[in-house]
Amino acid sequence: MDFIKFLMLKAMNSKFLNDRSKMVANFKVFPNRTITPDSTLYAEINYLLELGYQWTIDFSHTLFFLKEKTCTLRIMSFFWFLVKNSIKYDIIKKSRDIMKRLFLVENYKPILDLIKTEEAIKFVKDTFEKDLAEALSLIRVSAPLFVLPSSGLNDELNGVEERISFHLKSLSEPAEIVQSLAKWKRNALGSYGFIEETGLYTDMNAIRKDEELDSIHSAYVDQWDWERIIKKEERTTEYLKDTVCKIYEVLKTTEQKVCKAYPKLLPTLPKEIYFITTLELEQMYPDLSPVERERKICKEKKAVFLMQIGGPLKNGMPHDGRAADYDDWRLNGDILVYYQELDIALELSSMGIRVDEESIMKQLKWKKEEYKLNNPYVLDILHHKLPYTIGGGIGQSRLCMFFLKKVHIGEVQASLWPKEDVELLKKKNIILL
């Protein structure tokens, strides 16, 4: 066995598989298949890891997934291991910037200079925030930067991200930086005394230490988190679509105001947003990865609301990972737009009608997370102590990036980036804040 295979096996704590009848999937990894974040291979491998399938790798460089699942082990992503070792061992014959989706746009000339960009960022945020609050009858509230783990109010996102924790001198329990405010908002609506058809929004800031930094992903998260009380009978696809249309109108209005304030910027959003489910999208493009499907439909429709994310598709895997205890996977989705500057589908918002006492049980069971049934937040849902709600998050920097035609998220937010990335981007006239 060569040294590379030995390192892989040791790092992954894998074993060799002889009984191939137990396989649910297998992928020929080396030497001819390139793994990038956009590749079907990358998406399929990560979904199987999310579902908890045990895996192994054999002498022929084939990665296998077994039918038996494990829910107790946190399995390191095969892809991230390859990325971290690719430079030293040349495992993937692809440059590091391509693997990270670091888009190096040739002959890039920002439409706005740095001073104008800072001015425009405030204009975008002030405009959108005000119009969103009016459209959805929301009031602004203060929100926490950190919570206690025992509260059950922090989110697990895809279930693999490590939370950042620290100790406060006056508390015995460590605090955690929030990963999102989905659960906190619903709890606040109940405890603050909001009534039906009203809601709240807040500025949510977080740190994602495990984020793979690239042109559209940062370790620093800044978004508007909003939540609204609804009636039980309003937990329908029609109500979800109606809310999406209201948000989309705010997006179009904001774009028009931004382009009026800065005439060199041109509007690109279509008149209407297109609705499609992940199952319908899979049927349209069965041979493409989820990322490739999104790009395909967004390039055609320009603005898309992709519905029903989290549950299994026909191939047995979800389109994308979702926590089991806040969105109802039948009643959620992402607002995606085609971003011509990078030729990608850009997610601006993730939202949905939240779980009720029935859907949370089904989703926890499907993800084999019944251990969460003793979580205070989950118990409040099961015992009808929390209102029925709809809510979501809208990326502030993503929105500014889209409206101001920037090619890197670091052009509209101040964060930390690898030194080599900053230098490489600077050579392409991409200046980070």
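Residues numbered from 1 in each chain as written. Predicted model: local features only at pLDDT ≥ 70, side-chain atom pairs only at ≥ 80, totals over all residues. Heavy atoms only, no water.

### Considering helix α9 (residues 290-301)
An α-helix turns once per 3.6 residues; consequently, residues spaced three or four apart project the same way.
Right, on to step 1. If you check α9, its first and last C-alpha atoms are 16 Å apart, about what 12 residues at 1.5 Å a residue would give, namely 16 Å.
Right, on to step 2. Looking one or two residues past α9, Lys-302 carries a phi angle of roughly 75°, positive in sign. (Helix = DSSP H or I, 4+ residues; strand = E, 2+ residues; numbered from the N terminus. Expected span 1.5 Å × (residues − 1).)

### Focus: the packing of helix α7 (residues 237-261) against helix α12 (residues 396-403)
Right, on to step 1. The N-to-C vectors of α7 and α12 enclose an angle of 50°; their axes lie 11 Å apart at closest approach. The orientation of α7 with respect to α12, classified from their angle, is oblique. α7 and α12 meet at a crossing whose hand is right-handed. Across the interface between the two elements, Leu-251, Thr-254, Glu-255 and Val-258 of α7 pack against Leu-399, Phe-402 and Phe-403 of α12.
Right, on to step 2. Taken together, the residues that form the contact of α7 with α12 break down as five nonpolar, one polar and one charged. (Axes fitted to C-alpha atoms, helices over the stretch in contact; angles between N-to-C directions. Parallel < 35°, antiparallel > 145°, perpendicular 65-115°, else oblique. Left-handed = near helix turned anticlockwise from the far one by under 90°. Contact = heavy atoms within 4.5 Å. Nonpolar A, V, L, I, M, F, W, Y, C, P; charged D, E, K, R; others polar.)

### Thoughts on the confidence of the model for the protein chain
When pLDDT drops low, the exact placement of atoms in the prediction is not to be read closely.
Right, on to step 1. In the predicted model, the protein chain carries a mean pLDDT of 77, and the fraction of residues at 70 or more is 74%.
Right, on to step 2. Low pLDDT, under 50, characterises residues 1-39; the stretch is placed with 102 contacts to residues that sit more than four places away or in other chains.
Right, on to step 3. For residues 53-100, every residue scores under 50 in pLDDT, and the model assigns this stretch 146 contacts once sequence neighbours within four places are set aside. (pLDDT = per-residue confidence, 0-100.)

### Observations regarding the sheet that holds strand β5 (residues 146-147)
Right, on to step 1. The three strands lie next to each other as β5-β7-β6, forming an open sheet whose pairing is antiparallel. Both outer strands of the open sheet, β5 and β6 (165-166), are each paired with one neighbouring strand and no more. (Pairing = 2+ DSSP bridges.)

### Overview of the environment of Gly-395
Right, on to step 1. Within the secondary structure, Gly-395 is located in strand β14 (residues 389-395).
Right, on to step 2. For Gly-395, a relative accessible area of 12% translates into the label buried.
Right, on to step 3. A C-alpha to C-alpha distance of 8.9 Å links Gly-395 and Ser-350, two positions 45 residues apart in sequence.
Right, on to step 4. Aside from chain neighbours lying at most four places away, what touches Gly-395 is Asp-222, Gln-223, Trp-224 and Leu-348. (Buried < 20%, exposed > 50% of the residue type's maximum accessible area, 1.4 Å probe, protein only.)

### Examining a nonpolar patch on the surface
Right, on to step 1. A cluster of nonpolar side chains, Leu-145, Phe-146, Leu-148, Leu-168 and Leu-171, forms an exposed patch at the surface whose accessible area comes to about 380 Å².
Right, on to step 2. Along the chain, the position of Phe-146 falls in strand β5. (Patch = residues over 30% accessible without salt bridge, like charges linked within 9 Å, V, L, I, M, F, W, Y side chains within 5 Å. Areas by Shrake-Rupley, 256 points an atom, 1.4 Å probe, with all protein chains shown as cover. Salt bridge = Lys/Arg side-chain N within 4 Å of Asp/Glu carboxyl O.)

### Some thoughts on the pattern of salt bridges
Right, on to step 1. Tallying each qualifying case throughout the model produces 26 salt bridges.
Right, on to step 2. A salt bridge links Lys-252 to Glu-249; the shortest N-O distance between them is 3.2 Å. Here Glu-249 and Lys-252 lie together in helix α7, a separation of three residues that amounts to about one turn.
Right, on to step 3. Taking the relative accessible area as the measure of exposure, Glu-249 reaches 41% and is therefore partly exposed.

### Topic: the nonpolar core
Right, on to step 1. By size, the foremost hydrophobic cluster in this structure holds 58 residues, and its most contacted members are Trp-226, Leu-251, Met-351 and Leu-404.
Right, on to step 2. Every element with two or more residues in this core is listed here: α5 (114-136), β9 (220-229), α7, β11 (303-307), β12 (327-339), β13 (344-354), β14 and α12.
Right, on to step 3. No other element matches α7, which puts nine residues into this core.
Right, on to step 4. Residues Leu-181, Ala-182, Trp-184 and Val-355 belong to the second largest nonpolar core, which totals 26 residues. (Core = buried A, V, L, I, M, F, W, Y, C linked by side-chain atoms within 4.5 Å.)

### Focus: the environment of Lys-252
Right, on to step 1. For Lys-252, a relative accessible area of 17% corresponds to the buried category.
Right, on to step 2. With sequence-adjacent residues up to four places away left out, Lys-252 is seen in contact with Leu-269, Pro-270 and Lys-271.
Right, on to step 3. Here Lys-271 takes part through its backbone oxygen, which lies 2.5 Å from a polar atom of the side chain of Lys-252. (Polar contact = N/O pair within 3.5 Å; in protein donor to acceptor, adjacent residues only side chain to side chain.)

### Some points on the pairing of β14
Right, on to step 1. For β14, the tally of buried residues reaches seven of seven residues, placing the bulk of the element in the interior.
Right, on to step 2. Residue alternation in β14 divides its side chains into two sets, Thr-389, Gly-391, Gly-393 and Gly-395 and Ile-390, Gly-392 and Ile-394, and both sets are buried.
Right, on to step 3. By the bridge criterion, seven bridges tie β9 to β14 in an arrangement that is antiparallel. Counted as the bridge partner of Ile-229 is Thr-389 from β14.
Right, on to step 4. Here β13 pairs with β14 via five bridges, running antiparallel. Bridge assignment links Ser-350 to a residue of β14, and that residue is Gly-393.

### Some remarks on the sheet that holds strand β10 (residues 274-277)
To summarise the sheet geometry, strands pair through backbone hydrogen bonds and adopt either a parallel or an antiparallel arrangement.
Right, on to step 1. Taken in spatial order, the eight strands of this open sheet run β4-β8-β9-β14-β13-β12-β11-β10, and their pairing is mixed. Each edge of the open sheet carries a strand with a single partner, namely β4 (138-140) and β10. Each strand axis lies, on average, 25° off the axis of its neighbour in the sheet, ignoring direction.
Right, on to step 2. When strand β8 (residues 199-207) meets β9, the two strands line up antiparallel, connected through nine bridges. When the bridges of β9 are listed, Asn-205 appears paired with Asp-222.
Right, on to step 3. Against the sheet, α5 touches β4, β8, β9 and β14, its axis set at about 15° to β9.
Right, on to step 4. Lying over the sheet, α7 contacts β9, β10, β11, β12, β13 and β14, oriented at roughly 135° with respect to β13.

### Focus: unusual backbone geometry
Right, on to step 1. Here His-384, not a glycine, exhibits a phi torsion of approximately 60°, which is positive.
Right, on to step 2. If you trace the backbone, His-384 turns up in the loop between α11 (376-382) and β14.
Right, on to step 3. By relative accessible area, His-384 is classed as exposed at 52%.
Right, on to step 4. Look at Lys-405: it is not a glycine, yet its phi comes out positive at around 60°.
Right, on to step 5. Along the chain, Lys-405 turns up in the loop between α12 and α13 (419-427).
Right, on to step 6. On the basis of relative accessibility, which here comes to 9%, the residue Lys-405 falls in the buried class.

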